[in-house]
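Observations on the model geometry
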Amino acid sequence: MLRMFKLFRPVVAGIIILVLTVTQLGYSFAAENESRSEVFINEASGVTETLKKLNVEEFNKYVLDFINKNKKAIEDSIINEKLDRFDISEIEFDIGTGGISFNFSAHYVEKILGIPLKITFTGKILAKLKASADYSQLGIQLTGLENFKIAKCPESVENAIKDYLNTVIPNVFFWQEGETPDGYVSCDINNLRNVIQGLLEKEASKTVMDITLPGGTVKVLVDTVQCDKFDIETGDVRSKAFISLDVNLFSGKSAFFKRFCSIELEADLFIDETDNIWLSVKKNVFTLKDGNEGLHKEINGYIEKELVKKFGKEKLIKLGGGIEIKGAPASNLSDRVKNGFSQPSSPCPVIQGNEITPEQEFVKENSLNRPGDPIVIKGQDISALNGINPDELVAFKYDGGWKQIPVQVDERAVVSVAKIYNASEKIMILFELAGRNDVSILTYTDRNTFTLGDPDKTLDSDDEIVFMSKDAGGMPADFSEPAGVTTGPAVRVVISDPLDKKGCGCVYLFRQDGTLDQSAGKQYVKYDFKLLSGDYKTTYKTGDGPNKEDSAVTTPYYSCHFSDRWIKDEIHIMKGSSSGVDILDRHKELFKPGVSTRTEDTFCEGAATGFPAEGCFTANISGPVRAIRSYMGANSGFITQREHIFYEDREDINTYLRVHPISGVVDFLDYSPAAAGMTYTNDLNKSGVIIDGKPDTLMQGPIKWEMAGGDQGSLVTVHNISSDIPGFSYTSYYLDNNNPQVKTDLQFTGDPYAYGASGIWVDKPIDNTDPTNGMAYNMILKRYMYFENPWYSTEGAEQYSLQSQNPFHITVSPYGNNGY
Ligand SMILES: [Ca+2]
Ligand SMILES: [Ca+2]
Ligand SMILES: [Ca+2]
Ligand SMILES: [Ca+2]
């Protein structure tokens, strides 16, 4: 039997996985002088040097060696007593399929009538590269015959040769160690990927990471691993592991998020000198899914931070074995955070009982002289009327007879900010895990937002009742009741002006019998909240702005416009002979002049990295007496809240700062070019400067009021800024420049000009004011904006400032026939 072998020459070798996994093969790579000390995927430990990156050339060489060593096995499989030469001339190996083919030429010797007859024939034999199931052995299986060509010979001989080959070929299956293993797999590239995946899975299934985060612990469990890519040319692996989080919060809650997140891994495969596999991770991205991106960044940030702490930056993650990472314990939270926090109470101090000053013993008529000011009292101030349907409350004045006046009940409740954001339970658990706490605020309720209606549907203690001081009257000389009210308890409200001892008035509150309309047919303010996307609850993007609006507030004396939550971009004054032009470019917000990182635009355009929300509305109310526009979310200050309360000729803006430490705040109105010609004054600069786009010099300081007045009308702003931050102070801001050049004058939003841009500036760092984030200070910016006649006097502005510091005194007593 002649044995002839030609060189097996794999075109592309790719038995990478065999080498990856199998120490039994005894194969070692030549050193590549690259030493890595990464964590490895294999169980074998202590091997941290002379790691070699896998590549095709190395494996070509390996496959070549393997096949050469096994020539004889192939030869022995084919040759028999008649087939005395079998010459393999060419071999091809396709790594894509694991297919091998080789051409052969052979001699067949047959005796015909005693005469030896030599017959030559050629052909191609197809084969497959195989591996044992545990990849400890390589094998080759012959699978078929092609291109059979034979020299001229009797048909019976040709058939005999063909029959022989077709019989023997499928049974040629030889293995590196001789014995056929119990199981074997094909060595095609898809299989190699499967094998890589198998390795990852095997190791990943053992992976449990216990990580302590600020609000609790998470056990990170690997569910499945998929190998997205295995590049045999480069040894690059891209894999994704799907992970569950087993969460145990320090507060006692627990949750299990099945396949809630993933680790995407980009890695190189390495092998060491004893054939252990190493996974050198180049990129490791931990991603939480199915929820709020910003919050996930925060959690991801914590986990990555812990991983970096454990392994060092740019180092590798061990997929096998436990990772024990201990974080800091939960921070101690202030009582305020634990117990929630509330906003300040209504502006009018209320006295219960008949404590009437001598001047007010009998009020003949309304002598109050603050027509634009509302009277705001709380349900608790008129407890006799608590429990009625809010719509049943009606107000009357006595002015020679009973006259109904408009009254409005704005129901309030303590509501969690998570609820107002409509945050899912999952989000809130992650939020807590990040060491943050939901808090509750006392807010106006609105069933058209996620704040929803007041859980107490009756007139209850924290609901607000509002009517206008101009609608007050006097007292009746004898007990009487207006038509349309029930005979039940009623309340008399006496209003007096601490700045004007003779100024007083009376309003009577009754429960109506169903025949009256609380508005008394009046509507002092019209607020049209118009969200361009449609219905608030179904279309508002609380996680990712902008949320464009075309919302407007209109009264007989002024109107204003909003194009997004924080973007107020029009003010028209119609009072008296005011021209009614739009004097506002923007109501603007900055950290400090010349710093563009935060503006009213960014407040509307998305959450800051690491925070769970973009923004939301708490309430939009348009009632007969006033309108309320209340919203939250200013980048990372996601529960920073602004309330606009619109009265007939006054707008109050309350801004509750709730944010991590920041460098400062500038809150100001930048007027439009149409404001040119107005005069700007404030309590420190009463002689004023002209708003004309040309720079002015003003004294800076903690202004109490400011005013822009001219033919366009007058806008008086009274500031009331409060904070419990030790040493808190603020100053003023002013810029009139229609060609801003220096950095601190640059305009980032609105038009390119600064026209009389003016407001208040907290010009020093502000410590944490976010109660969701531990110990927090208060900071509340209040503006009372009065829309006035053209060229309103500084004395008038000064008076508004005084009035805001001296709210009405309210005395409430039961009204009945036995002592009113
Ligand atoms: Ca309530
Ligand atoms: Ca209520
Ligand atoms: Ca000027
Ligand atoms: Ca401007």
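Computed from a prediction, not measured in an experiment: that's the story for all the values here.

**Some points on the overall build of the protein**
- A count of helical and extended segments in the protein gives 12 helices and 41 strands.
- Restricting the contact set of the protein to residue pairs at least 6 apart, pairs at least 24 apart contribute 70%.
- Roughly 33,300 Å² of accessible area belongs to the protein as shown, and the carbon and sulfur atoms make up 48% of that amount.

**Some remarks on the coordination of the calcium ion (ligand 3)**
- At 2.2 to 2.5 Å from the calcium ion (ligand 3) lie its protein donor atoms, namely Ile 690 (O), Asp 692 (OD), Lys 694 (O), Asp 696 (OD), Asp 696 (OD) and Asp 736 (OD).
- Considering all 6 donor atoms around the calcium ion (ligand 3), angles at the metal cover 53 to 166° and the coordination shape is irregular.
- Donor residues binding the calcium ion (ligand 3) come from one chain and are separated in sequence as I-x1-D-x1-K-x1-D-x39-D. Taken together, the residues Asp 692 in the loop between strand E35 (685–690) and strand E36 (705–710) and Asp 736 in strand E38 (residues 731–737) connect sequence positions 44 residues apart.
- Of the residues examined, Asp 692 reaches a relative accessible area of 25% and is grouped as partly exposed.
- Here Asp 736 falls in the buried class, since its relative accessible area comes to 1%.

**So, unusual backbone geometry**
- Even without being a glycine, Asn 147 presents a positive backbone phi close to 55°.
- Within the secondary structure, Asn 147 is located in strand E5 (residues 138–150).
- For Asn 147, a relative accessible area of 52% translates into the label exposed.
- In this structure, Ala 520 takes a positive phi of about 55° despite not being glycine.
- Within the fold, Ala 520 resides in the loop between strand E23 (500–511) and strand E24 (526–528).
- By relative accessible area, Ala 520 is classed as partly exposed at 21%.

**Structural notes on the nonpolar core**
- Among the nonpolar cores identified, the biggest contains 78 residues, and Ile 571, Met 632, Phe 646, Tyr 671, Ile 691, Leu 715 and Ile 766 are the most heavily contacted of them.
- In terms of residue count, strand E30 (residues 627–634) provides more of this core than any other element does, 5 residues in total.
- Here this core gathers at least three residues from each of two domains, domain 3 (349–524 + 808–815) and domain 4 (532–789).
- Apart from residues lying up to four places away in sequence, Leu 715 is in contact with Ile 571, Ile 573, Leu 669, Tyr 671, Glu 706, Met 707, Ala 708, Met 785, Tyr 786 and Phe 787.
- Ile 119, Leu 142, Val 157 and Ile 169 belong to the second-largest nonpolar core, a separate cluster that totals 31 residues.

**As for the packing of aromatic side chains**
- According to the stated counting rule, one finds 32 aromatic pairs in the structure shown.
- Relative to Phe 148, the ring of Phe 121 lies with its centre 5.5 Å away and its plane at 40°, an arrangement referred to as tilted. Of this pair, Phe 121 sits in strand E4 (residues 115–132) while Phe 148 is found in strand E5, placing the two residues 27 residues apart along the sequence.
- Accessibility expressed as a relative area gives 1% for Phe 121, which makes it buried.

**Quick word on the coordination of the calcium ion (ligand 4)**
- On the protein side, the calcium ion (ligand 4) has Asp 585 (OD), Asp 670 (OD), Asp 751 (OD) and Tyr 753 (O) as donor atoms, found 2.0 to 2.2 Å from it.
- Mapping the donors of the calcium ion (ligand 4) onto the primary sequence gives the spacing D-x84-D-x80-D-x1-Y. Residue Asp 585 is located in strand E28 (residues 584–590), and its partner Tyr 753 is located in the loop between E38 and strand E39 (754–762); the two are separated by 168 residues in the primary sequence.
- Tyr 753 gets classed as partly exposed once you look at its relative accessible area, which sits at 33%.

**Re the pattern of salt bridges**
- Going through the model one piece at a time under the given rule, you end up with 29 salt bridges.
- Put simply, Arg 511 and Glu 392 hold a salt bridge, and the shortest N to O gap is 3.1 Å. Here Arg 511, found in strand E23, pairs with Glu 392, found in the loop between strand E15 (374–378) and strand E16 (393–398); they are 119 residues apart in sequence, far enough to count as distant.
- Between Arg 412 and Glu 464 there is a salt bridge whose closest N-O contact spans 3.2 Å. One end of the pair, Arg 412, is in strand E19 (residues 412–416); the other, Glu 464, is in strand E21 (residues 464–468), with 52 residues separating them in the sequence.

**A short note on a nonpolar patch on the surface**
- On the surface, a nonpolar cluster with roughly 400 Å² of combined accessible area is contributed by Ile 112, Leu 113, Ile 115 and Leu 117.
- In this fold, Leu 117 is placed in strand E4.

**Quick notes on the sheet that holds E28**
- Taking strand neighbours across the sheet as the criterion, the 4 strands line up as E28-E33-E39-E38 in an open arrangement whose pairing is antiparallel. Of all strands in the sheet, those bounded by a partner on one side alone are E28 and E38. Across the sheet, the axes of successive neighbouring strands diverge by a mean angle of 15°, strand direction being ignored.
- Of the pairings in the sheet, the one linking strand E33 (residues 665–671) to E39 comprises 6 bridges and is antiparallel in character. Residue Val 665 lies in a different strand from E39, and its bridge partner there is Val 762.

**Some words on the confidence of the model for the protein**
- Mean pLDDT for the protein: 80, with 75% of residues reaching 70 or above.
- Across residues 1–50 the pLDDT falls below 50, and counting only partners more than four positions away or on other chains, this stretch makes 179 contacts in the model.
- Low pLDDT (under 50) marks residues 311–348, which in the prediction has 95 contacts with non-local residues, meaning those over four places away or in another chain.

**Digging into helix H4 (residues 155–168)**
- Spanning 14 residues, H4 covers 20 Å between terminal C-alpha atoms, matching the ideal 20 Å at 1.5 Å per step.
- Buried within H4 we find Val 157, Ile 161, Leu 165 and Val 168. Taken around the axis of H4, the buried residues stretch over an arc of 80°, which confines them to a single face. Those residues of H4 that are exposed and angled more than 90 degrees off the buried face are Glu 155, Ser 156 and Thr 167.

**A short note on the environment of Cys 506**
- You can see Cys 506 is positioned in strand E23.
- When its relative accessible area of 0% is taken as the criterion, Cys 506 is described as buried.

**Topic: the environment of Ala 619**
- Inspection of the secondary structure puts Ala 619 in strand E29 (residues 616–622).
- When the C-alpha atoms of Ala 619 and Thr 445 are compared, they prove to be 6.0 Å apart, with 174 residues separating the residues in sequence.
- Excluding anything up to four places from it in sequence, Ala 619 contacts Tyr 444, Thr 445, Asp 446, Thr 449, Ile 628, Arg 629 and Ser 630.

**Notes on helix H9 (residues 425–433)**
- In terms of residue burial, H9 counts as a mostly covered element, since 7 of its 9 residues are buried.
- Considered for burial, the residues of H9 that qualify are Ile 427, Met 428, Ile 429, Leu 430, Phe 431, Glu 432 and Leu 433.
- Trailing H9 by a residue or two, Gly 435 shows a phi angle of about 85°, which is positive.

**Structural notes on the pairing of E16**
- For E16, the tally of buried residues reaches 6 of 6 residues, placing the bulk of the element in the interior.
- Side-chain alternation along E16 places Leu 393, Ala 395 and Lys 397 on one buried face and Val 394, Phe 396 and Tyr 398 on a second face that is also buried.
- With 4 bridges connecting them, E16 and E23 associate as antiparallel partners. Its bridge partner being in E23, Phe 396 is matched across the sheet by Tyr 508.

**A look at the sheet that holds strand E27 (residues 567–573)**
- Taking strand neighbours across the sheet as the criterion, the 4 strands line up as E24-E25-E26-E27 in an open arrangement whose pairing is antiparallel. Each end of this open sheet is capped by a strand with a single partner; those strands are E24 and E27. Going across the sheet, the axis of each strand differs from the next one's by a mean of 10°, ignoring polarity.
- Relative to E27, strand E26 (residues 558–564) runs antiparallel, the two being bridged by 6 bridges. Looking at the pairing, Cys 560 lines up with Ile 571 of E27.

Rules and cut-offs
- Residues numbered from 1 in each chain as written.
- Chains lettered and ligands numbered in written order.
- Predicted model: local features only at pLDDT ≥ 70, side-chain atom pairs only at ≥ 80, totals over all residues.
- Heavy atoms only, no water.
- Helix = DSSP H or I, 4+ residues; strand = E, 2+ residues; numbered from the N terminus.
- Contact = heavy atoms within 4.5 Å.
- Areas by Shrake-Rupley, 256 points an atom, 1.4 Å probe, with all protein chains shown as cover.
- Donors = N, O, S within 2.8 Å, 3.2 Å for Na, K, Ca; no water.
- Tetrahedral: all angles 85-135°; square planar, octahedral: opposite > 155°, others 65-115°.
- Buried < 20%, exposed > 50% of the residue type's maximum accessible area, 1.4 Å probe, protein only.
- Core = buried A, V, L, I, M, F, W, Y, C linked by side-chain atoms within 4.5 Å.
- Domains from an automatic or database assignment.
- Phe/Tyr/Trp six-rings, centres within 6.5 Å; stacked < 30°, edge-to-face > 60°.
- Salt bridge = Lys/Arg side-chain N within 4 Å of Asp/Glu carboxyl O.
- Patch = residues over 30% accessible without salt bridge, like charges linked within 9 Å, V, L, I, M, F, W, Y side chains within 5 Å.
- Pairing = 2+ DSSP bridges.
- Axes fitted to C-alpha atoms, helices over the stretch in contact; angles between N-to-C directions.
- pLDDT = per-residue confidence, 0-100.
- Expected span 1.5 Å × (residues − 1).
- Arc of directions from axis to C-beta.

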